[in-house]
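Inside the fold
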Amino acid sequence: MGDRYSVQNNGCSNVNGNGNGNGGNSKNKKKAKKKKKSNGKKKKMTVEQNLAAKSVGEWVFFDSSFSTSSTASSVDDFGVQRNYGGGRAADKVVFELHSHSICSDGYLSPTALIERAHRNGVKVLALTDHDTMCGIPEALEAARKFGIRIIPGVEISTIFTPRGESGNEEPVHILAYYGICGPSRYEELEKCLANIREGRYIRAQNMLLKLNNLKMPLKWEHVAKIAGNGVAPGRLHVARAMVEAGHVENLKQAFSRYLYDGGPAYSTGNELLAEEAVKLICRTGGVAALAHPWALKNPVGVIRRLKDAGLHAIEVYRSDGKLAAFSDLADTYHLVKLGGSDYHGRGNHDESDLGSVNLPVLAVHEFLKLARPIWCEAIKDILQSFAEEPSDSNLEKLTRFGRMKNLKGALSCGQNVVDLCLSSWLTSEERQSVEFEALRLKLSHTVIDQNGVILPSVMSR
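A few points on the structure. (Residues numbered from 1 in each chain as written. Predicted model: local features only at pLDDT ≥ 70, side-chain atom pairs only at ≥ 80, totals over all residues. Heavy atoms only, no water.)

Re the packing of aromatic side chains
This structure, assessed with the given rule, holds 6 aromatic pairs. Ring centres of Y177 and F367 lie 5.5 Å apart, and the angle between their planes is 75 degrees; on these two criteria the pair is classed as edge-to-face. Here F367 lies in helix α12 (residues 361–388) and Y177 lies in strand β4 (residues 170–177), a separation of 190 residues in the sequence. Neither Y177 nor F367 differs from the other in exposure class; each is buried. One aromatic cluster in this structure is built from W59, F95, Y177, F367 and W375. (Phe/Tyr/Trp six-rings, centres within 6.5 Å; stacked < 30°, edge-to-face > 60°. Helix = DSSP H or I, 4+ residues; strand = E, 2+ residues; numbered from the N terminus. Buried < 20%, exposed > 50% of the residue type's maximum accessible area, 1.4 Å probe, protein only.)

Right, here's the structure in full:
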């Protein structure tokens, strides 16, 4: 959950779900036995779940033969496991929408993260490192080997200021999800992220000063080594240094005693205002989601203001299930309900693993129904810029995150760029729009050599 540290709460004192936490009497035992028996049966999908699963599957696998009617279908309580037609046997469509690598405060490289995701059965993964997207190209390369779809993402550090409302300012993390070409205005987003990263260095140094005053000295070189070369240090890196220096017993103690929001060693950096971050994500062709709202002191005030700024979604599901209070808030403010493990790879039993959050198939469908038109417009804007000026620099921008990065030798004209870009992300119906046909025509005379260099077209000679 950002660079905060928390222990997942199982969220229910009554594992049998009987409402009073007392499983000792015979009545409750009978209920538990009956429930256990019923849970052993696979549930048939509803018509709505079938349609949602078909739509999700078409996007995940781009399988034209995908069908919900050719084989028997069954689901768990969340409607995620099912049998696909066309030879797909009991694939589990697992979406992991919140994960971190060593490019921010995670422990695994993007490649190792993807390998673990594959072992856990993840089919779609959003890499959402803090304030950077530098791990996306490596994640995409690794994901090709396992057939995993990558959603380019980032978790942006922000500050929420009440502005006359009751309460104090507090840190808020906003998740951004982008299409295959990344942000439509990448330079604008990266400028803001770079400023936040620079502030992380200042913040970490201030934390070390405060810890020194608390008689817990740490060397900057120690923290920088833990963070890694070129990685902006976060609270988790400072906490790890505290553990290694013997100042605290574990990460939980470092956060609960010193590094929590407003704690004696806490410090802020160059975070964006929360509303500005949401507007930035919307402006650059992304989907904006509020991360771990259960960590907020004033969730209602934050959600209300961010919704006004354009917030699309909110995390509601965790590995321990759906949080009813935040699900209700999502309904109140018409936000899509999401969730993810927030995996960092710490390697302890307190952390949720990749793919451990069971997102309902209907929730995934709502997410894609919201996101795909936004991503489609972003791809259109990026392609339009390339069509207006088919230069080498614009081709580099276009292939920054896409699967075309290593396929330049296969490109012969600008039309190929459009087709490869669209086929890797959009459905056939989305690809056949009038706007994309116009772009194909406009770029049909743009010549690209084997090295991916734009050549003067015959028409312009």
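Digging into the environment of C103
Mapping C103 onto the fold places it in the loop between β1 (94–99) and α3 (110–119). Measuring from C-alpha to C-alpha, the distance between C103 and M133 comes to 8.2 Å, with 30 residues separating the pair along the chain. Not counting residues within four places of it along the chain, the set of residues in contact with C103 comprises P110, D129, T132, C134, G135 and V231. (Contact = heavy atoms within 4.5 Å.)

A look at the side chain of S104
Here S104 lies in the loop between β1 and α3. For S104, a relative accessible area of 4% gives the class buried. A distance of 2.6 Å separates the side chain of S104 from the side chain of D129, its partner in a polar contact. In this structure, S104 is in contact with D129, H130, V231 and H237, ignoring residues within four places of it in sequence. (Polar contact = N/O pair within 3.5 Å; in protein donor to acceptor, adjacent residues only side chain to side chain.)

Points about the nonpolar core
Judged by nonpolar contacts, the single largest core of 92 residues is most densely connected at F95, L125, Y177, L290 and F367. Of all the elements, α12 adds the most residues to this core, at 12 residues. A domain split of this core shows at least three residues from each of domain 1 (94–180 + 287–357) and domain 2 (370–454). If we skip the residues at most four places from it in the chain, L125 touches E96, S99, L113, I114, A117, I148, R149, I150, I151 and L354. I226, A241, L251 and A265 belong to the second largest nonpolar core, which has 20 residues in total. (Core = buried A, V, L, I, M, F, W, Y, C linked by side-chain atoms within 4.5 Å. Domains from an automatic or database assignment.)

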